[in-house]
Amino acid sequence: MYKILEKQVLSDVTKLMVIEAPHVAKKAKAGQFIIVKIDEQGERIPLTIADYDSNAGTITIIFQEVGQSTMHLGTLEPGDMLATFAGPLGHPTEIENFGTVVCVGGGVGIAPVYPIARALKQAGNTVISIIGARSKDLLFWEDKMRSVSDEFHVCTDDGSHGRKCLVTDPLKEILEARKGSVAKVWAIGPAIMMKFVTLATKPFNVPTIVSLNTIMIDGTGMCGGCRVLLDEGAKFVCVDGPEFDGHKVDWTSLLSRLQYYREEEHAAIEHWKHHCNLEKAITDGGK
Amino acid sequence: MAKLDPKERMKIPRQPMPNQDAVIRSGNFEEVALGYTEETMRKEAERCLQCKKPACVEGCPVGVLIPQFILALREGNMTKAVEAMKVKNNLPAICGRVCPQEVQCEGKCIVGKKGEPVAIGRLERYVGDFELAHRTCPLAAAPATGKKIAVVGTGPAGLTCAVDMAREGHKVTMFESLHGAGGVLVYGIPEFRLPKGVVFGEINYAVDCLGIDIKTDHVVGRSVSLNELLGEYDAVFLGTGAGLPSFMRIPGINLNGVMSANEFLTRVNLMKGYLFPEYSTPVKTGKRVAVVGAGNVAMDAARCSARMQALQAKQTNGDKGEVHIVYRRSKDEIPARGEEVHHAEEEGIIFDLLTNPIEILGDSTGKVVGIRCIRMELGEPDASGRRKPVAIEGSEFEMEMDTVIMALGTSPNPLVFVDADGLERTKYGTAVADTTTGRTRKQRVWAGGDVVTGAATVISAMGAGKRAAADMHKFLKGEAPW
């Protein structure tokens, strides 16, 4: 069992948790992910590592409540235990001094892009960061991202904070203004955002790394549910990734695979809400 | 019963295994084979001739003391039967259920030369189940040696090696990447063939009776590497199995509705997807399922699919649907255990033999709608000794399907080879290890089971775990230097 040490509510639907998991923290590096399972009945869900402290033996995760499991996770509090916490999984980000790099984080993707930007900065890169979300209340870690960036841009779809634009707008401007000098781009966020980032960087021929979060079960190469089509054939996100050359990803296939369990996700949420209401009714009734 | 002579023993008919009715069982996940009663057990035990040179034992990969345990059963001495069993076999309740006895012990049984062989597997299961129900911790551990052993993987190879080493007095720690121990016994083999309560019972023997420590959620190669383990432990056994699924290289493999048997079985078994939404992991089983392949895993996937369809039909009051096994060879070449094929047929699985998929067809949303196949005929024997299937030109046809499950074999997971310099691999990705000792090319590292052989059986993995433990023990005593 793994203890939740700390919890921060970053927005209505975005939560941060610090988990005591020394066996994961000892080896964790930027770009890797963990698998968490809340309890006996829970499903195994992959979450990218937002931060880690090998001395303290802790891993920080940030998640958006989009399905039943993340909603359930969001109701837990410090002191509560998680049944499973496995990792670190996947390959770490390749960090070296590339020169000038751009790090793009969209929505909950800001969390995993932060340790990458930090590591790139420490390696001597000039780091330009762009973070974005639908609206102000979905943004977080603005200060942290700014502190590891040489140049920093904030966008919201509705203009409630920063510039009213998509992350691809400042990205295109940067690539245009610094033609030939941007060595690499990282993009982490919703699949559709990553797709458009790769479309934006393609004409400039700038290598673009995306971190994919697909449906998976074990996270160790066993189920193959996470497979993604690249130019060279199918790869497993869990063991071959999670980072891939975004220009090689078949986004249509990826987006369609992400939708496959949508009906079941709704059913799970309904079941869980009903169950929660029942429990609440029983507790309230007993008062 | 009065003492019988061999002729009389030969006259006793082989006692049938009571099974759940085929129609009822194909709608639930409860165990199919119900087990002998004490009476049928006694009758079956009387059939054994107690051969001086027992051929059955030669047929067993772990050399179970078969005549001894059957004699104890006949005498009604269960304590003695359990002890005789546990000398060689740590997991009798599992082996009795999943071993291919027809090609092992029972295949060699002298009684079987003239009639039907003694049902050694069913008797073994009886002993195993008795031990689970009356845990007595037979064969306790020797005094502590002070040596520390790491066993990577908690499947049949690892469990066997761990238990044998613990019995010798070594301190054993097991590493498991998933959230529960048991490996393929838990994620792969379905509940109705091997109840998880039985697996956990056998694992608890390792933990409760022998003090073995199991570290779950530890992915060797990621959380900790082989080289790091060697810094902390005197010897390491790798029993990491063959967990990597293979997909056919045909168009349409990434469509929604195509999955590996590993994924499907893991969702159903390990994650208990058949209890969704009480358990959170969903399983999507369509009305028309094609399982490609005809090994034990394919039979498991097909039979699980039929059960999922039945559960869904019950909820929606709809019709059940169909499950097809699509196999490119003929019935004679089917690699699955005979009983599994028989059970699958009884449960209504349709066998499309001499049929090979060449394309998976999808709709505009990326979902499977069918498979295009080609008819095959058998040609000359290939390297495996089986007649090679050859496509019949112009025989392509389409079948409507909404789910395609690939059960085409598995290969070892390469993660364990990370930071493990000197651990050699074959071109098939299997670890190079000596077949009699289990020694790899890396000092103080042994390996056995599917990680060495590629996908095989539970009992052959156990045999490898046993041989490795014997050699590892000798090495640690200084009797067999590297």
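Computed from a predicted model, the values in this text were never measured in an experiment.

## With respect to the nonpolar core
- Among the nonpolar cores identified, the biggest contains 76 residues, and B:F69, B:I70, B:L73, B:I94, B:V172 and B:I212 are the most heavily contacted of them.
- Sorting elements by how many residues they give to this core places helix α19 (residues 458-476) of chain B first, with 9 residues.
- Viewed by domain, this core spans two of them, domain 1 (6-133) and domain 2 (148-243 + 411-476) of chain B, each represented by three or more residues.
- Beyond its immediate chain neighbours, meaning those up to four positions away, B:I94 contacts B:L185, B:L194, B:V198, B:V199, B:E202 and B:V458.
- Counting 56 residues, the second-largest nonpolar core is a separate cluster that includes A:L89, B:I253, B:V258 and B:L415.

## Focus on a nonpolar patch on the surface
All names here are of chain A.
- A surface patch of nonpolar side chains, about 290 Å² in accessible area, is lined by I192, F196 and L199.
- Following the sequence through the fold, F196 ends up in helix α6 (residues 191-201).
- F196 sits in the partly exposed class, given a relative accessible area of 43%.

## Examining the packing of aromatic side chains
- Summed over all chains, the structure comprises 12 aromatic pairs over all chains.
- An angle of 90° between the planes, with centres 6.1 Å apart, marks the rings of B:F175 and B:Y233 as edge-to-face. With B:F175 in strand β2 (residues 171-175) and B:Y233 in the loop between α14 (226-232) and β4 (235-238), this pair connects stretches of sequence that are 58 residues apart.
- Here B:W446 and B:F475 contribute two aromatic rings whose centre-to-centre distance is 5.4 Å and whose plane-to-plane angle is 65°, an arrangement assigned as edge-to-face. Pair noted here: B:W446 is in strand β16 (residues 445-447) and B:F475 is in helix α19, with a separation of 29 residues, a long-range link.
- Here B:F475 falls in the buried class, since its relative accessible area comes to 19%.
- Cluster of aromatic residues (ring-pair linked, three or more members): A:Y114, A:F140 and A:W141.

## Points about the sheet that holds β2(B)
Residue and element names in this part refer to chain B.
- The 5 strands lie next to each other as β3-β2-β1-β4-β16, forming an open sheet whose pairing is parallel. Taken across any chain shown, the strands that pair with only one partner, and hence form the sheet edges, are β3 (213-215) and β16. Averaged over all adjacent pairs, the angle separating strand axes in this sheet is 20°, with direction ignored.
- Inspection of the sheet shows strand β1 (residues 148-152) paired to β4 by 4 bridges, in the parallel sense.

## Considerations on α19(B)
- Taking 1.5 Å of rise per residue, the 19 residues of α19(B) would be expected to cover 27 Å, and the 27 Å separating its terminal C-alpha atoms lies within 8% of that figure.
- Within α19(B), 15 of the 19 residues are buried, which leaves the element mostly enclosed by the surrounding structure.

## Comments concerning the domain arrangement of chain A
Residue and element names in this part refer to chain A.
- Along its sequence, chain A is carved into domain 1 (2-89) and domain 2 (100-211).
- Once you take the C-alpha centre of each, domain 1 and domain 2 turn out to be 24 Å apart.
- Every contact between the two is made by 15 residues of domain 1 and, on the other side, 13 residues of domain 2.
- Around 1100 Å² of area is buried between domain 1 and domain 2 when both sides are counted, 63% of it from carbon and sulfur atoms.
- D51 serves as the salt-bridge partner of K144, at 3.9 Å between the closest nitrogen and oxygen.
- Of all the elements in the fold, those that place two or more residues in the side of domain 1 that touches domain 2 are β2 (14-20), β4 (45-53) and β5 (58-64).
- Of all the elements, β4 adds the most residues to the side of domain 1 that touches domain 2, at 5 residues.
- Partitioned by chemical class, the residues of the side of domain 1 that touches domain 2 number 9 nonpolar, 5 polar and 1 charged.

What counts and what doesn't
Residues numbered from 1 in each chain as written. Chains lettered and ligands numbered in written order. Predicted model: local features only at pLDDT ≥ 70, side-chain atom pairs only at ≥ 80, totals over all residues. Heavy atoms only, no water. Core = buried A, V, L, I, M, F, W, Y, C linked by side-chain atoms within 4.5 Å. Buried < 20%, exposed > 50% of the residue type's maximum accessible area, 1.4 Å probe, protein only. Helix = DSSP H or I, 4+ residues; strand = E, 2+ residues; numbered from the N terminus. Domains from an automatic or database assignment. Contact = heavy atoms within 4.5 Å. Patch = residues over 30% accessible without salt bridge, like charges linked within 9 Å, V, L, I, M, F, W, Y side chains within 5 Å. Areas by Shrake-Rupley, 256 points an atom, 1.4 Å probe, with all protein chains shown as cover. Salt bridge = Lys/Arg side-chain N within 4 Å of Asp/Glu carboxyl O. Phe/Tyr/Trp six-rings, centres within 6.5 Å; stacked < 30°, edge-to-face > 60°. Pairing = 2+ DSSP bridges. Axes fitted to C-alpha atoms, helices over the stretch in contact; angles between N-to-C directions. Expected span 1.5 Å × (residues − 1). Buried area = accessible area lost by both parts, 1.4 Å probe. Nonpolar A, V, L, I, M, F, W, Y, C, P; charged D, E, K, R; others polar.

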